[in-house]
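# Coordinate analysis (summary)
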Number of protein chains: 2
Amino acid sequence: MSEASVPTTAAAEPATAKGEQTRRLILDTAMRLFRERGYTQTTMRAIAKEAGVAVGNAYYYFGSKEHLIQEFYAGTQVEHRAAATPVLRRESDFAARLRGVLHAGIDANAPYHAFAATFFKTAAEPTSPLSPFSTESSGAREASIALFREVVEGSTAKVDPELRADLPELLWLAYMGVVLYWVHDRSPEQAKTRRLIDGATPLIDRLVGLSRLRVLRPVTREVMQLIRSLRQ
Amino acid sequence: MSEASVPTTAAAEPATAKGEQTRRLILDTAMRLFRERGYTQTTMRAIAKEAGVAVGNAYYYFGSKEHLIQEFYAGTQVEHRAAATPVLRRESDFAARLRGVLHAGIDANAPYHAFAATFFKTAAEPTSPLSPFSTESSGAREASIALFREVVEGSTAKVDPELRADLPELLWLAYMGVVLYWVHDRSPEQAKTRRLIDGATPLIDRLVGLSRLRVLRPVTREVMQLIRSLRQ
DNA sequence: ACCAAAACTTGAACACGTTCGAGAAAGGGG
DNA sequence: CCCCTTTCTCGAACGTGTTCAAGTTTTGGT
């Protein structure tokens, strides 16, 4: 009774120069139309027509309409890193670094807030290859976690050694939470999300600091044990 | 540039006895087919045919295929309450009550785990009326929050007064988190979700207890301030 | 009992994502 | 240059969710 109804056709990697060119053309056209009309309003037929190819041709390079989004992920991930780099170079305080990287993440995604909501829906489905937890997304996910590893390692904060190894992944998880909130955030300029970041960052900072305290060590250990056993 | 492409046709409330009967018939048929074949595999045509009505008739009572799910929500919500009642009657310890209610929630949803994942995807979309945060879902949501209010009020735990009013909603939010984990949980019998509940409950209990401490009062207040400002 | 309004029902038609068999173009070994 | 394999391209056709104008049935007032 598996619910998997995901398209079966695998997308082809271009092997010729012409193929490469066509693929790019379709992708660029799709991204433009997504921005102009939104995801749902953009039909595969429109993409094909606008790109001057047959609709079947688009499916030769991209397994489904959703697959067009994966490229988008990779793009914003790169922008996130770019936006985060200055902060990571400048700041050494843990809270400031975390705060900066979180804001940079929202900055990178901000231009797409209008239709980000629409395709986040597909990302939320566990079976979807677009899920941030899926193996297909592992590339972008690892890159994102690496960013948070830099947050930890480049900071002057003293972190419980028990916690240190897993902290980057936990921060990434917190980042996913922020993004989830951001997607639902209807306030102008998504100001509430900014407030969430500013409010949550010092709390996380304090929590991480407390983890080193002698009295709290057992709790820290217990929590880490639980988290590890829950990792899938 | 609103992405809202949700069906416009509003579902009709049955006004006659016959209408009531037809509505029930369609709903029951749909639920049965969802269980038998899963959500995606069940077509609206199949539902109509199996129920012996025209496909347009189904749309007279339910605005869209997704709307059929909303009833499902209400159903499991009732089951959740039923499963939680004995625990709430028996236990007085906060942690035990919370743990019991969370387990009851998973119990109520367990039979539908296979296809719960599929429609959780649509629930995650902010614009969707199926979102647990939407106004359309406010009925089921309020009922669910009420359950957690009972967890707090019936317990012997001393809670910071600042926190007390909002705690039920926060616990409901935690419950949403548990459900999110559960949807992604591929372990046999979703054992990991059970472990998450057992592990997280004492932590929450401890946290709530700590909130009363003199030293932590400012932090508690600060956190509550932030949460209130973020509520949408 | 009658009749107009409201409630309900119908199924063909539409738009969309996706598939597929068949053909065209490119590549590359001889 | 030829020929065969791989790569690419096409667009009609399928299945699906959804709509709608047109009919049928029920209700409630007189």
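Quick look at the structure, then. (Residues numbered from 1 in each chain as written. Chains lettered and ligands numbered in written order. Predicted model: local features only at pLDDT ≥ 70, side-chain atom pairs only at ≥ 80, totals over all residues. Heavy atoms only, no water.)

## What to know about the protein's contact with DNA strand C
Just so we agree on the cut-off: Throughout, near means a residue has at least one heavy atom within 4 Å of the molecule or strand. Pairing of N or O atoms within 3.5 Å defines a polar contact, subject to two protein rules: one partner must be a possible hydrogen donor and the other a possible acceptor, and residues neighboring in sequence count only if both atoms are side-chain atoms. Helix and strand assignments come from DSSP, with helices taken as H or I runs of at least 4 residues and strands as E runs of at least 2, each series counted from the N terminus. Residues are sorted three ways: Asp, Glu, Lys and Arg are charged, Ala, Val, Leu, Ile, Met, Phe, Trp, Tyr, Cys and Pro are nonpolar, and all the rest, Gly among them, are polar.
Not every one of the 27 residues close to DNA strand C is listed here, only the nearest: A:Met44, A:Arg45, A:Tyr59, A:Lys65 and B:Tyr61. When the atoms of DNA strand C within 4 Å of the protein are grouped by moiety, sugar and phosphate amount to 66% of the total. At 2.8 Å, a side-chain N or O of A:Lys65 approaches a phosphate oxygen of DNA strand C. With respect to DNA strand C, the side chain of B:Thr22 contributes an N or O atom lying 2.9 Å from a phosphate oxygen. Contributions of two or more residues to the surface near DNA strand C are made by α2 (44–51) and α3 (55–61) of chain A together with α1 (17–37) and α3 (55–61) of chain B. Here the element with the most residues in the surface near DNA strand C is α3(B); it accounts for 5 residues. Looking at the surface near DNA strand C residue by residue, the class counts come to 11 nonpolar, 10 polar and 6 charged.

## Here's the deal with the packing of aromatic side chains
As a reminder of what qualifies: Between 30 and 60 degrees the pair is tilted, below 30 it is stacked and above 60 it is edge-to-face, where a pair is any two Phe, Tyr or Trp rings, Trp via its six-membered ring, whose centres lie within 6.5 Å. Each residue's exposure class comes from its accessible area (1.4 Å probe, protein chains only) as a fraction of the maximum for that residue type: buried when under 20%, exposed when over 50%, partly exposed otherwise. Definition used: whenever NZ (Lys) or CZ (Arg) falls within 6 Å of the ring centre and also within 35 degrees of the ring normal, the charge is taken to sit over that ring.
Here the structure, examined in full by the defined rule, presents 8 aromatic pairs over all chains. Ring geometry for A:Phe72 and A:Tyr112: centres 4.6 Å apart, planes at 90 degrees, overall edge-to-face. Separated by 40 residues along the polypeptide, A:Phe72 in helix α4 (residues 67–90) and A:Tyr112 in the loop between α5 (94–109) and α6 (113–123) bring together distant segments of the chain. Accessibility classification places A:Phe72 together with A:Tyr112 in one group, the buried group. Their ring planes at 90 degrees and their centres at 5.0 Å tell us that B:Tyr60 and B:Tyr61 sit as a pair that is edge-to-face. Overall, B:Tyr61 belongs to the buried group, its relative accessible area being 7%. Its end group placed over the ring of A:Tyr39, A:Lys65 keeps NZ or CZ at 4.4 Å from the ring centre.

## What about the side chain of B:Thr201?
Residue and element names in this part refer to chain B. Put simply, the test is: In this analysis, two residues are considered to be in contact whenever any of their non-hydrogen atoms come within 4.5 Å of each other.
Its location among the elements puts Thr201 in helix α10 (residues 191–210). You can call Thr201 buried: its relative accessible area is 2%. A polar side-chain atom of Thr201 sits 2.5 Å from the main-chain carbonyl oxygen of Ile197. Those residues in contact with Thr201, other than ones at most four positions away along the chain, are Ala95, Leu98, Arg99 and Leu102.

## Digging into the packing of helix α5 (residues 94–109) of chain B against helix α7 (residues 138–153) of chain B
Residues and elements named next belong to chain B. Note the threshold: Note on geometry: axes are C-alpha line fits, over the in-contact stretch for helices, and angles between N-to-C directions span 0 to 180 degrees. The cut-offs work like this: below 35 degrees is roughly parallel, past 145 is roughly antiparallel, 65 to 115 is roughly perpendicular, and the gaps in between are oblique. Each crossing is labelled by how the near helix is turned from the far one, with a counterclockwise turn of less than a right angle marking it left-handed and a clockwise turn marking it right-handed.
In the contact formed by α5 and α7, the axes pass within 8 Å of each other and the chain directions differ by 160 degrees. For the element pair α5 / α7, the angle class is roughly antiparallel. The two elements α5 and α7 cross, and the hand of that crossing is right-handed. Judged by residue contacts, Phe94, Arg97, Leu98, Val101 and Leu102 of α5 engage Leu147, Phe148, Glu150, Val151 and Val152 from α7. Grouping the amino acids of the contact of α5 with α7 by side-chain chemistry returns 8 nonpolar, no polar and 2 charged.

## Structural notes on the nonpolar core
Rules: Here, nonpolar core means buried Ala, Val, Leu, Ile, Met, Phe, Trp, Tyr and Cys residues that are tied together by side-chain atoms lying within 4.5 Å of each other.
Counting residues in each nonpolar core, the largest one holds 57 residues, and the members touching the most others are A:Ile47, A:Leu68, A:Phe72, A:Phe94, A:Phe148 and A:Leu167. Of the residues forming this core, the biggest block, 9 residues, is contributed by helix α9 (residues 167–184) of chain A. Ignoring sequence-local partners within four residues, the contact set of A:Leu68 consists of A:Leu27, A:Ala30, A:Met31, A:Phe34, A:Met44, A:Ile47 and A:Phe62. In terms of nonpolar packing, the next biggest core, distinct from the first, is built from 55 residues, B:Leu27, B:Ala58, B:Ala104 and B:Val179 among them.

## Section: unusual backbone geometry
For A:Gln190, which is not glycine, the phi dihedral falls at a positive 55 degrees. Considering the arrangement of structural elements, one finds A:Gln190 in the loop between α9 and α10 (191–210). On the accessibility criterion, A:Gln190 (14% relative accessible area) is buried. Unusually for a residue other than glycine, B:Glu189 sits at a positive phi of about 60 degrees. Relative to the helices and strands, B:Glu189 resides in the loop between α9 (167–184) and α10.

## Focus on the protein's contact with DNA strand D
Lining the immediate surroundings of DNA strand D are 27 residues, of which A:Ala15, A:Ala54, B:Arg45, B:Tyr59 and B:Lys65 lie closest. Atoms of DNA strand D within 4 Å of the protein: sugar and phosphate make up 62%, bases the balance. Taking A:Ala15, its main chain carries an N or O atom lying 2.8 Å from a phosphate oxygen of DNA strand D. A:Thr22 has a polar side-chain atom sitting 2.8 Å from a phosphate oxygen of DNA strand D. A breakdown of the residues in the surface near DNA strand D according to their chemical character gives 11 nonpolar, 10 polar and 6 charged.

## A word on the interface of chain B and chain A
Buried accessible area, meaning the area lost when the parts come together, often serves as the stated size of an interface. Applicable threshold: Accessible area that two parts lose when put together, with a 1.4 Å probe and added across both, is what the buried area reports. When a carboxyl oxygen of Asp or Glu is within 4 Å of a side-chain nitrogen of Lys or Arg, the pair counts as a salt bridge.
Listed as interface residues are 45 residues of chain B and, on the opposing side, 45 residues of chain A. Across the interface of chain B and chain A, roughly 3,800 Å² is buried in total on both sides, 56% from carbon and sulfur atoms. The salt bridge involving A:Glu222 is made with B:Arg206; its shortest N-O contact spans 3.8 Å. For the pair chain B and chain A, the interface holds 6 residue pairs in polar contact (both at pLDDT 80 or more). Secondary-structure elements contributing two or more residues to the side of chain B that touches chain A are α1, α6 (113–123), α9, α10 and α11 (217–230) of chain B. Ranked by residues supplied to the side of chain B that touches chain A, first place goes to α10(B) with 7 residues. Within the side of chain B that touches chain A, the residues separate by chemical class into 19 nonpolar, 12 polar and 14 charged.

## Some points on helix α2 (residues 44–51) of chain B
All names here are of chain B. When we look at burial in α2, the residues that qualify are Met44, Ala46, Ile47, Ala48 and Ala51. Of the surrounding secondary structure, the elements contacted by the buried residues of α2 are α1, α3 and α4 (67–90). Just past α2, the residue Gly52 takes up positive phi, approximately 75 degrees.

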